[in-house]
Amino acid sequence: MKKFVLSKDDKSAVSYSISYENLLNEAQFEAVTHVDGPVLLVAGAGTGKTRTLIYRVARLVENGTDPSEILLLTFTRRAAHEMLRRASHILDERCRRVEGGTFHHYCSKILHRHAESIGYPDNFTIIDSQDAMEAVNLVRNRLDLPKRKSRFPKKSTLYFMFSSSINRQIPVRELVENEYPQFTVHIDLIEEIYAKYQEYKELNYVMDFDDLLVKTRDLLRDNDDLRNVIASRHRYVMVDEYQDTNALQAELTSLFSSVHHNVMAVGDDAQSIYSFRGADHKNMLAFPELFEGTKVIKLEENYRSTQRILDVANRVLEEAEEKFDKQLYTKNEEGDLPGLVKAANMNDQSRFVAQMILNLREQGYELSDTAVLFRNGRDSFDLEVVLNNKNIPYVKYGGQKFTEAAHVKDVLAHLRVLLNPKDLISWNRVLMLIDGIGPKTAEDLFQWAHTRGNPFEPDRAPNASEKYLVQLKALSELFAKLKKLDGSVTEQLQEVVSYYSVFCRKQFDDYPKRMKDLETFVDISGTYQSLNQLIEQLALDPIEATVIDTEASEKDESPLVLSTIHSSKGLEWRNVFLIQCLDGILPSGYAMDDPRQMDEEVRLLYVAVTRAKENLFITYPALFQSRYGDYFSQPSRFIEDIGERLLEPWLLVEEHENNNLLEE
DNA sequence: GGGTTGCAAACAGAG
DNA sequence: TTTGCAACCC
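Residues numbered from 1 in each chain as written. Chains lettered and ligands numbered in written order. Predicted model: local features only at pLDDT ≥ 70, side-chain atom pairs only at ≥ 80, totals over all residues. Heavy atoms only, no water.

Caption draft 1: Broad picture of the overall build of chain A. Within chain A one finds 26 helices and 19 strands. On C-alpha atoms alone, chain A measures out to a radius of gyration of 27 Å, which is about the 26 Å that the 2.2 N^0.38 rule sets for 664 residues. Projected onto its principal axes, the C-alpha coordinates of chain A cover approximately 100 × 80 × 55 Å. Scored against the burial criterion, the 664 residues of chain A give a buried share of 54%. (Helix = DSSP H or I, 4+ residues; strand = E, 2+ residues; numbered from the N terminus. Rg over C-alpha atoms; globule rule 2.2 N^0.38 Å. Buried < 20%, exposed > 50% of the residue type's maximum accessible area, 1.4 Å probe, protein only.)

Listed below in structure tokens is the structure:
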């Protein structure tokens, strides 16, 4: 018999349309050309981690991998889109077919497809954290609470406990005992509320964000056949921002890649800033233990920033208790010394930022080359007023979302009810708009309507009071109309907005602005194919509050960016202003009694600083103005002793005292 | 007396 | 802007 030896298909025989060697440095190239087996890519800020991921996608596709066999998990949907857009740009449109999004997105997709396996109908709806807290509140109020003996956790604390317990995989009891000793006396009640909350969600066909992860994990863990089917599709799994994943997401990563074992995690432990969501940067260190045979690749050369910006960044990291084995370096030019700007008060700080941005624009920078970063969403309010006065267009990332505003939630509640009539929280919202209906009547109406079988005619309730019967009738008519309009999201939304306008006027002083928001919302709703899709997308990917404003105004100039530091992760700008850099804000006052949280505040400052490519200004006001009085404030303890050699002090001087606006 | 509404205090970060 | 609580209404 003759033997013929089949040789392995030689990858080098593929001729690539991209010259990877020339476009990447050695470590990047190694990561990009890695094919089989687990890899941990430890990539410092600005070292080209996104670039590496994009080129790896392109490379795998060029190798002949079907794009849909690549699973790319990112921190936001925006990040996923941006990466695939860039990958398509360097290679071709095939890259758009890569599977991906956030963990929550992808899990939601799986769950909708296999809803029946977990005892849910496929029209289950996703509730955001506000609604989840309402549900916790609801089940809490059904129990007899201890009356004023000792303090009981409020709904947001309860929800936070439950969520931490899940994301960090620690039992509620243990978590309360260790981290909330003041509530240990109520431990049995807390556990009971937790159980009732789980029950509530199952009975009402809703899932919170954590359920998306947990139920997917359970589904794959307990159903080997299904796990095999799903994991077989993922020849390559890539997880971005791995330092901000939690225990549950690590488990999911392992399940997703359990057939082919080709998983690449990318992250930077020095940029871990999401521990409040249960993330643990030690996940990164644990990666090689979880995935046997992991190859570790490090990216250390920074391409983003000037050396002087990196000097500040490196110095900031020294403030952390837990040391990092990390010194960023670059071959970029030295650049200007970053500035430390002390303003007399908040408004001077805003004026400085606005004027400096205009100066930079005159020097040839686009507005969108500049970002203003801050610790809390509200820290930019004063600046926003100044920018509006000066007609400087901006977008704001982070902070209050459009979909979280009360008037938008009200409108959406009507649609949610239509989609999932068992969604009690939304029903309550809808019914309680009506005069004379509070939480109790709302729930009674809900119970009555559901035992009777037609929830959309609450006006038929036998014991409904005259006082609100007329309004209940109007509500029933609205639902009748909405059902007729089935299939046309825009028309349905328009109908709800018309119905709602009366309530909007009654409820809010600034109803003209709110109604305008809603009209814009109607205008852009055409992009959603179905009601289901609209509700789901808005929950998983809420619209930034300013997107609506920007949509309404002319977009003739790409706008300035305002962003919380958290939302600035992964992004970069030529000029960065970090404002309100005050002790008590960054670091946050909440973090001060916990060294681990304080370290995270250091990393937060590190993330802010490393967003800058060319110019960095850190500003703070000497006078902190809050609603309840002004007081003198101190600059952040992390920057106070950085020293003038690294951070140049700036003094603001008024024009009439000296002809220059700014003196150095 | 239960339920609703008006009032006084606290206030992060995000999928 | 939201959350728990007290006064107020049916």
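Caption draft 2: Fine view of the domain arrangement of chain A. Domain boundaries in chain A define domain 1 (20–108 + 212–299), domain 2 (125–204), domain 3 (307–399 + 554–651) and domain 4 (403–543). Placing the centre of domain 1 and that of domain 4 at their C-alpha centroids yields a distance of 39 Å. With five residues of domain 1 in contact, the opposing surface of domain 4 contributes four residues. Taking both partners together, domain 1 and domain 4 bury about 370 Å²; carbon and sulfur atoms supply 53% of that area. Per-residue buried area on domain 1 facing domain 4 is highest for Arg77, His105 and Ser108; these three make up 83% of the total on that side. Counting every contact that joins domain 1 to domain 4 gives one salt bridge. (Domains from an automatic or database assignment. Contact = heavy atoms within 4.5 Å. Buried area = accessible area lost by both parts, 1.4 Å probe. Salt bridge = Lys/Arg side-chain N within 4 Å of Asp/Glu carboxyl O.)

Caption draft 3: Layout of the sheet that holds strand S7 (residues 263–267). The strand order across the open sheet built from six strands is S3-S2-S6-S7-S1-S8, with neighbouring strands paired in parallel fashion. The open sheet has two free edges, formed respectively by strand S3 (99–101) and strand S8 (295–299), since each of these has just one partner strand. Averaged over neighbouring strand pairs, the angle between their axes works out to 10° when direction is ignored. Across five bridges, the pairing between strand S1 (residues 39–43) and S8 is parallel. Bridge pairing in S8 links Val42 to Lys298. (Pairing = 2+ DSSP bridges. Axes fitted to C-alpha atoms, helices over the stretch in contact; angles between N-to-C directions.)

Caption draft 4: Summary view of the protein's contact with DNA strand B. Among the 32 residues in the neighbourhood of DNA strand B, the closest are listed as Gly377, Gly438, Lys440, Thr441 and Tyr590. In DNA strand B, atoms within 4 Å of the protein come 57% from sugar and phosphate. Within the side chain of Ser129, one N or O atom sits 3.5 Å away from a base oxygen of DNA strand B. Here a phosphate oxygen of DNA strand B and a side-chain polar atom of Thr441 are 2.2 Å apart. Breaking the surface near DNA strand B down by element, the ones donating at least two residues are helix H10 (209–222) and helix H19 (439–452). The residue makeup of the surface near DNA strand B, split by class, is nine nonpolar, 15 polar and eight charged. (Near = heavy atom within 4 Å. Polar contact = N/O pair within 3.5 Å; in protein donor to acceptor, adjacent residues only side chain to side chain. Nonpolar A, V, L, I, M, F, W, Y, C, P; charged D, E, K, R; others polar.)

Caption draft 5: Geometry of the pattern of salt bridges. Tallied over the entire structure, the rule returns 52 salt bridges. A salt bridge links Arg97 to Asp66; its shortest N-O distance comes to 2.9 Å. With a gap of 31 residues between them, Arg97 in the loop between helix H4 (77–90) and S3 and Asp66 in the loop between helix H3 (49–62) and strand S2 (70–73) connect regions that are remote in the sequence. Residue class for Arg97 comes out partly exposed when judged on its relative accessible area of 46%. Note that Asp641 is salt-bridged to Arg315, the shortest N-O span being 3.8 Å.

Caption draft 6: Broad picture of the side chain of Thr564. Relative to the assigned elements, Thr564 resides in strand S14 (residues 560–564). Classification of Thr564 by relative accessible area gives buried; the value is 7%. A distance of 3.1 Å separates a polar atom in the side chain of Thr564 from the backbone nitrogen of Ser567. With near-sequence residues (within four places) excluded, Thr564 lies in contact with Phe374, Asn376, Gly377, Tyr397, Gly398 and Gly399.

Caption draft 7: Representation of the packing of aromatic side chains in the model. In total, this model carries 22 aromatic pairs according to the counting rule given. Three or more aromatic residues link up through ring pairs in this structure, and these residues are Phe352, Phe577, Phe617 and Trp650. Sitting over the face of the ring of Tyr16, Arg59 holds its NZ or CZ atom 3.8 Å from the ring centroid. The ring of Tyr397 carries the charged tip of Arg78 above its face, separated from the ring centre by 4.2 Å. (Phe/Tyr/Trp six-rings, centres within 6.5 Å; stacked < 30°, edge-to-face > 60°. Lys NZ or Arg CZ within 6 Å of the ring centre and 35° of its normal.)

Caption draft 8: Here's a closer look at the packing of helix H18 (residues 424–431) against H19. Following both chains from N to C, one finds H18 and H19 inclined at 120°, their axes separated by 9 Å at the closest point. By the criterion of interaxial angle, the relationship of H18 to H19 is oblique. The two elements H18 and H19 meet at a crossing, and its hand is right-handed. Between H18 and H19, the contacting residues are Leu424, Trp427, Asn428 and Leu431 on the first element and Ala442, Glu443, Leu445, Phe446 and His450 on the second. (Parallel < 35°, antiparallel > 145°, perpendicular 65-115°, else oblique. Left-handed = near helix turned anticlockwise from the far one by under 90°.)

Caption draft 9: Examining the environment of Tyr180 more closely. By secondary structure assignment, the location of Tyr180 is in the loop between helix H8 (172–179) and helix H9 (187–203). You can call Tyr180 buried: its relative accessible area is 14%. When the C-alpha positions of Tyr180 and Val522 are compared, they lie 44 Å apart, and in sequence the two are 342 residues distant.

Caption draft 10: A look at the nonpolar core. Core analysis: the largest hydrophobic core is formed by 76 residues, its most contacted members being Met161, Phe162, Ile190, Tyr197, Leu472 and Phe521. Per-domain counts for this core show at least three residues from each of domain 2 (125–204) and domain 4 (403–543). Setting aside anything within four residues of it in sequence, one finds Leu472 in contact with Leu431, Ile434, Ile437, Leu445, Pro458, Asp459 and Ala464. Among the nonpolar cores identified, the runner-up in size contains 48 residues, and Val312, Leu582, Met598 and Leu647 belong to it. (Core = buried A, V, L, I, M, F, W, Y, C linked by side-chain atoms within 4.5 Å.)

Caption draft 11: Helix H11 (residues 224–233), seen in detail. Listed as buried for H11 are Leu226, Arg227, Ile230 and Ala231. Take H11 and look down its axis: the buried residues cluster within an arc of 120°, on one side only. Where the residues of H11 are buried, they touch helix H5 (103–113), H10 and helix H12 (247–256). (Arc of directions from axis to C-beta.)

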